[in-house]
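Residues per chain, in single letters:
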Amino acid sequence: MAIDPVCGMRVDEKQSVGNLMHDNHTYYFCSSDCLSKFQANPARYARSSAVHTATHHTSRAVQKTEVASDRKELAKDPICGMMVNKATTLRTERGGRTYYFCSTGCQRTFESPEQELKAMKTRVMIALTGVLALAILRAGAFIALAAGATIVTWAPIPALPWFTWGMWLFILVTPVQFIGGWSFYVGAWNAIRTRSINMDFLIALGTSVAYFYSVAVLFFPEVLPVKVEERDVYFEVSAVIIAFVLLGKYMEEIIKTRSSAAVRKLLDLKPATATVVREGIEMEVPAESVMIDEVCIVRPGQKLPMDGVVLEGTSSVDESMLTGESMPVEKSPATQVIGGTINRSGMLRIRATRVGADTALAQIIRMVEEAQTSSAQIQRIADQVTAYFVPVVVGVAFIAFFGWWIAGNFPQGLLAFIAVLIIACPCALGVATPAALMVGVGNGAEAGILIRGAEILERAQSLTTVVFDKTGTLTRGEPNVTDVIPFAGNDETTVLRIAASIEAGSEHPLGEAIVRGARHRNLTLGKVDSFEAVAGHGIKGTLNGVHVLLGNRRHLKKEGVDPALAEDAMIRLESEGKTAMLVASNKTLAGVIAVADTLKPEAKDTIAELQAEGIEVVMLTGDNRRTAEAIGRELGITRVIAEVLPSDKARVIQDLQKDGKAVAMVGDGVNDAPALATAQIGIAIGSGSDVAKETGGIILVRDDVRDVVAAIRLSRATMRKIKQNLFWAFIYNTLGIPVAALGLLNPIIAAAAMALSSLSVIVNSALLKRKKLYAV
């Protein structure tokens, strides 16, 4: 297969409409239109095709490298949680990642869950029909006995010697064994072939022993080491085990399908096609073939195929599936848009800035999938136990069998063998963490809360302190000029013009506020030369040949300017929670400018909720102490760490950790990257479409501080479910195996218990969907 360099479609070389040689490379085309476009401008399309080809060859090389390095590595089956050998097991590529499976059943469930669920339903119906027929037949026999009609006088039983009770069981159970249980045999064969014993192997071995032992009793009794009566066949044991296990798996899949829809919903957001403008002509192409800087047309009701910038048109866009924000967001020229969102009203012309695997949607899907398949430390210990568990169980089963046989009870030994194999299936252990992560991480993704992995959940349970960066986290990050106090014969206009001129072009929120204030007053700004920013202090430069300064007290003192004249005004403004900045011109104090940032309306309630959870809240800011403490009092924060330079934020986190605190840092994800990386949990808030840039272990897509509380609650609740699941799974196996080996557990009861144990883990995990994340 080749890639058409014009439209990006895959095309069979033998069925292409033509091919061309360009720069020692042969290109194939799906249509004459694509062929003619390539001939008109080969340089443009050859470059695009080279990107596709390089990506293809790189992925092939990476895949080969992965296979070589994974020969002795284990991976976890994302469906059942079993540990498998990467080098020898089944695998599926999706979204640039490789997933490994213990059986074809798990692989089919991953690749097409709806079809596998339908096929499983058919197998369950066959198994249950056979079991129901056995129950009816047995009930009929008891009724006949009770009525004294054990022998129907008119039935020619002597003429039908083959139609005994055992023969009826054989006829009814055989379809159950080989149709209902076919998936277990396929899985067992793969386990033998890949030398990794799995659940299918145990079930297939246990039920086959029961079935073929019964066949031997019925047809070849002379081959058995002891004499066994026909009434002692175990056909019903085999059938009921298969029925119970299939029914349990079917119910598990139904619950998992309903509980883990997050990734599937995200995948469904991807549009199949896109309308692009190529050489002035609108054409519909596969969405994955859109190239960077191409112009796309998105009409009302359509999904955006890529991330980009609006060139023309205005509309409202539904971003709820990505951000959790229910209200549509207005879009106009120069605004950013996210792929996978839905255009609600007007038509938009959009220039593509990120396509394919680089889009925000693809990054979120990859992040959620990685988190759902990650392992907590507690689960890794369980996985190590499971790796040795299955071979040990098979050994225990054989010991129980031979022990009972030596004791003179061959049938009981057979039952103990089957019961041990069935009760010991480590399904509940394997699925304990994946089931909880699938629901918890999925719920978070639907609410715009992205959790990077299970290790983040483990840290969340021991969290004692949450540190908030002030600007843009607790405040709106959109400050305004509130006061201008002139000195040395200057007026307010002059002071504001000096400050705005030196701040022109600044991306700092305080600088933008000063420039915005000057423009509201229609002031003309001057050109500044020799501009220099001093981190954590202020800025300086030359305006019309005059040396000017803007910053805090330390900044002016360092430059030889005495700020004492403005001290009373500074104290008053700072006590009101405003950020006061000093302006100096030509080594003389010119004035004071105060800027205030409004608090987010939900910030105070968020702080109160965290404190109610027993978590200490700390505010970290570069503001002076008076301003910071005034804001802290308004929010109810008792511990405020002020006058911290950006480069020192990580050190402050380290100091808190040295005091024995488990710290979460909440910041904007880019400016606060070192502090986020230093904390036990970094929470990046207001990430929007830039999720790939974030350092945080928890990423909040929305700019809503309430999501901090929701993320911590969800993390702790998910970890509690993981621990509960592992506890009950370990207890189940620990108690069940010795009971089965001692012959005190009927294999049918063992099958029911095994199915219920896995089902209980799934149900317990599904209850996470009911977890209340928000106070209102």
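Residues numbered from 1 in each chain as written. Predicted model: local features only at pLDDT ≥ 70, side-chain atom pairs only at ≥ 80, totals over all residues. Heavy atoms only, no water.

Here's the deal with the overall build of the chain
So, step 1. Tallying secondary structure elements over the chain gives 26 helices and 30 strands in all.
So, step 2. Each of the 776 residues in the chain was classed as buried or not, and the buried ones make up 52%.
So, step 3. A fraction of 65% describes how many contacts in the chain between residues 6 or more apart in sequence connect residues 24 or more apart.
So, step 4. Of the roughly 35,100 Å² of accessible surface on the chain, a fraction of 58% belongs to carbon and sulfur atoms. (Helix = DSSP H or I, 4+ residues; strand = E, 2+ residues; numbered from the N terminus. Buried < 20%, exposed > 50% of the residue type's maximum accessible area, 1.4 Å probe, protein only. Contact = heavy atoms within 4.5 Å. Areas by Shrake-Rupley, 256 points an atom, 1.4 Å probe, with all protein chains shown as cover.)

Focus on the nonpolar core
So, step 1. In this structure, Phe235, Ile418, Ile422 and Ile423 are the most contacted members of the largest nonpolar core, which totals 54 residues.
So, step 2. Elements represented by at least two residues in this core include exactly helix 5 (165–180), helix 6 (182–194), helix 7 (199–219), helix 8 (235–259), helix 12 (377–406), helix 13 (410–423), helix 25 (706–741) and helix 26 (747–766).
So, step 3. With near-sequence residues (within four places) excluded, Ile422 lies in contact with Leu202, Ile203, Ile241, Tyr732, Ala750, Ala751 and Met754.
So, step 4. Phe468, Ile631, Ala642 and Leu773 belong to the second-largest nonpolar core, a separate cluster that totals 45 residues. (Core = buried A, V, L, I, M, F, W, Y, C linked by side-chain atoms within 4.5 Å.)

Side note on unusual backbone geometry
So, step 1. Unusually for a residue other than glycine, Asp293 sits at a positive phi of about 75 degrees.
So, step 2. Here Asp293 is to be found in the loop between strand 10 (281–286) and strand 11 (295–298).
So, step 3. Using a relative accessible area of 49% as the deciding quantity, one classes Asp293 as partly exposed.
So, step 4. In this model, Glu643 sits at a positive phi of 55 degrees, which is unusual for a non-glycine residue.
So, step 5. Mapping Glu643 onto the fold places it in the loop between strand 27 (639–641) and helix 23 (649–658).
So, step 6. Residue class for Glu643 comes out partly exposed when judged on its relative accessible area of 42%.

As for the sheet that holds strand 11
So, step 1. Reading across from one edge, 10-9-11-17-12-15 is the order of the 6 strands in this open sheet, with antiparallel pairing throughout. Looking at the sheet topology across the chains shown, the edges are occupied by strand 10 and strand 15 (336–337).
So, step 2. Sheet topology note: the strand 9 (residues 273–278)/strand 11 ladder contains 3 bridges and is antiparallel. By the bridge assignment for strand 11, Thr275 is matched with Ile297. (Pairing = 2+ DSSP bridges.)

Side note on the sheet that holds strand 20 (residues 480–486)
So, step 1. The strand order across the open sheet built from 6 strands is 20-25-24-23-22-21, with neighbouring strands paired in antiparallel fashion. The open sheet has two edge strands, strand 20 and strand 21 (528–534), and neither has a second partner. Here the average twist between neighbouring strands, direction ignored, is 20 degrees.
So, step 2. Across 6 bridges, the pairing between strand 20 and strand 25 (residues 588–596) is antiparallel. Considered in strand 25, the bridge of Asn480 is made with Ala596. (Axes fitted to C-alpha atoms, helices over the stretch in contact; angles between N-to-C directions.)

Concerning the packing of helix 20 (residues 567–575) against helix 22 (residues 625–635)
So, step 1. Interaxial distance between helix 20 and helix 22 falls to 7 Å at its minimum, and their mutual angle equals 20 degrees. It follows that helix 20 is roughly parallel to helix 22 by the angle criterion. Here the hand of the crossing between helix 20 and helix 22 comes out right-handed. Only Arg626, Thr627, Ala630 and Arg633 of helix 22 make contact with helix 20, whose side of the interface consists of Glu567, Ile571, Glu574 and Ser575.
So, step 2. Considering only residue class, the contact of helix 20 with helix 22 consists of 2 nonpolar, 2 polar and 4 charged. (Parallel < 35°, antiparallel > 145°, perpendicular 65-115°, else oblique. Left-handed = near helix turned anticlockwise from the far one by under 90°. Nonpolar A, V, L, I, M, F, W, Y, C, P; charged D, E, K, R; others polar.)

Description of the packing of aromatic side chains
So, step 1. Scanning the entire structure with this criterion turns up 17 aromatic pairs.
So, step 2. Ring centres of Phe401 and Trp405 lie 5.7 Å apart, and the angle between their planes is 45 degrees; on these two criteria the pair is classed as tilted. Pair noted here: Phe401 and Trp405 are both in helix 12, with a separation of 4 residues, about one helical turn.
So, step 3. Linked through ring pairs, Phe170, Phe178, Tyr185, Tyr211, Phe212, Phe219 and Phe220 together constitute an aromatic cluster. (Phe/Tyr/Trp six-rings, centres within 6.5 Å; stacked < 30°, edge-to-face > 60°.)

What to know about helix 18 (residues 509–520)
So, step 1. With 12 residues, helix 18 extends 16 Å between its outermost C-alpha atoms, agreeing within 8% with the 16 Å of an ideal straight helix rising 1.5 Å per residue.
So, step 2. Considered for burial, the residues of helix 18 that qualify are Leu510, Gly511, Ala513, Ile514, Val515, Gly517 and Ala518.
So, step 3. With its phi angle positive at about 60 degrees, Asn522 sits one or two positions after the end of helix 18. (Expected span 1.5 Å × (residues − 1).)

Overview of the packing of helix 21 (residues 603–612) against helix 25
So, step 1. At a minimum axis distance of 8 Å, the contact between helix 21 and helix 25 shows a crossing angle of 25 degrees. Here helix 21 lies roughly parallel to helix 25, going by the angle between them. Note on element contacts: helix 25 touches helix 21 through Arg706, Val709, Ile712 and Arg713, opposite Thr606, Glu609 and Leu610.
So, step 2. Taken together, the residues of the contact of helix 21 with helix 25 break down into 3 nonpolar, 1 polar and 3 charged.

Let's talk about the side chain of Asp483
So, step 1. Take Asp483: it is sitting in strand 20.
So, step 2. Since its relative accessible area comes to 19%, Asp483 is described here as buried.
So, step 3. Apart from the residues lying within four places of it in its own chain, the contact partners of Asp483 are Leu573, Lys578, Val592, Ile593 and Ala594.

Remarks on the pattern of salt bridges
So, step 1. Throughout the structure, instances matching the rule amount to 25 salt bridges.
So, step 2. Between Asp655 and Arg651 there is a salt bridge, and its shortest N-O distance comes to 3.1 Å. Placement of the pair is Asp655 and Arg651 together in helix 23, with a separation of 4 residues, close to one helical turn.
So, step 3. Classification of Arg651 as partly exposed rests on a relative accessible area of 41%.
So, step 4. Shared partners join several salt bridges into a network, and the residues in it are Asp483, Arg572, Glu576 and Lys578. (Salt bridge = Lys/Arg side-chain N within 4 Å of Asp/Glu carboxyl O.)

A word on the environment of Ala500
So, step 1. Along the polypeptide, Ala500 turns up in helix 17 (residues 492–503).
So, step 2. In this structure the C-alpha to C-alpha distance between Ala500 and Val515, which are 15 residues apart in sequence, comes to 4.7 Å.
So, step 3. If we ignore the near neighbours within four places in the chain, the residues touching Ala500 are Ile514, Val515, Ala518 and Leu525.

Points about a nonpolar patch on the surface
So, step 1. Taken together, Phe398, Phe402, Trp405 and Ile406 make up a surface patch of nonpolar side chains, about 420 Å² in accessible area.
So, step 2. On the secondary structure map, Ile406 appears in helix 12. (Patch = residues over 30% accessible without salt bridge, like charges linked within 9 Å, V, L, I, M, F, W, Y side chains within 5 Å.)

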